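# Chains, contacts and geometry: an overview
For reference, the chains in residue letters:
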Amino acid sequence: MVRTPLTPQERERGERLGQLLRRARGDRSMVEVAAAAGLSAETLRKIETGRAPTPAFFTVAALAGVLGLSMDELAVSCAGAAV
């Protein structure tokens, strides 16, 4: 199966998600937050840097729960100008 390349808008949305998660993580370590969400630190690193611009829904939901973010807040923040 060949994956369709992401559009520039999808990449930008992934970058906005990563920035929001990084800000919400604050002073907490990447390892601590990733473990609490049931992820590897490398997965969290890829999401935060935009190298994984389309993480799975349940991955985002787990991170939102650990970071105290609502899914509505994430959706609005990440949609940006694409709304």
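Structural notes, computed from the coordinates.

Cut-offs and rules
- All residue numbers refer to position in the chain's written sequence, counted from 1.
- Side-chain atom pairs in this predicted model are given and counted only at pLDDT of 80 or more, local residue features only at pLDDT of at least 70, and totals for whole chains, interfaces and linings cover all residues.
- The side-chain figures draw on all heavy atoms in the structure; neither hydrogens nor water molecules are used.
- Think of it this way: a Phe, Tyr or Trp ring, Trp meaning its six-membered ring, pairs with another when their centres are within 6.5 Å, and the plane angle makes it stacked under 30 degrees, edge-to-face over 60, tilted otherwise.
- The classification of residues rests on relative accessible area computed with a 1.4 Å probe and restricted to protein chains. Under 20% of the type maximum is buried, over 50% is exposed, and intermediate values are partly exposed.
- Here an angle of 0 to 180 degrees is reported between the N-to-C directions of two axes, which are lines fitted to C-alpha atoms, with helices fitted over the stretch in contact.
- Segments assigned H or I by DSSP are reported as helices when at least four residues long, segments assigned E as strands when at least two residues long, and all are numbered from the N terminus.
- Left-handed describes a crossing whose near helix is turned anticlockwise from the far helix by less than a right angle; the clockwise case is right-handed.
- Contact definition: two residues touch when any of their heavy atoms are within 4.5 Å.
- Three categories are distinguished: nonpolar for Ala, Val, Leu, Ile, Met, Phe, Trp, Tyr, Cys and Pro, charged for Asp, Glu, Lys and Arg, and polar for the others, with Gly belonging to the last.

## Here's the deal with the packing of aromatic side chains
- One pass over the structure, following the stated rule, counts 1 aromatic pair.
- Both rings, one in Phe-57 and one in Phe-58, keep their centres 5.2 Å apart while their planes meet at 85°; by these two values the pair is edge-to-face. The pair Phe-57 / Phe-58 is uniform in exposure class, with both members exposed.

## A word on the packing of helix α2 (residues 30–37) against helix α4 (residues 57–67)
- With their axes 8 Å apart at the nearest point, α2 and α4 run at an angle of 120° to one another. Considering only the axes of α2 and α4, their crossing is right-handed. Residues Val-33, Ala-36 and Ala-37 of α2 lie in contact with α4, whose contacting residues are Ala-62, Leu-63, Val-66 and Leu-67.
- Grouping the amino acids of the contact of α2 with α4 by side-chain chemistry returns 7 nonpolar, no polar and no charged.

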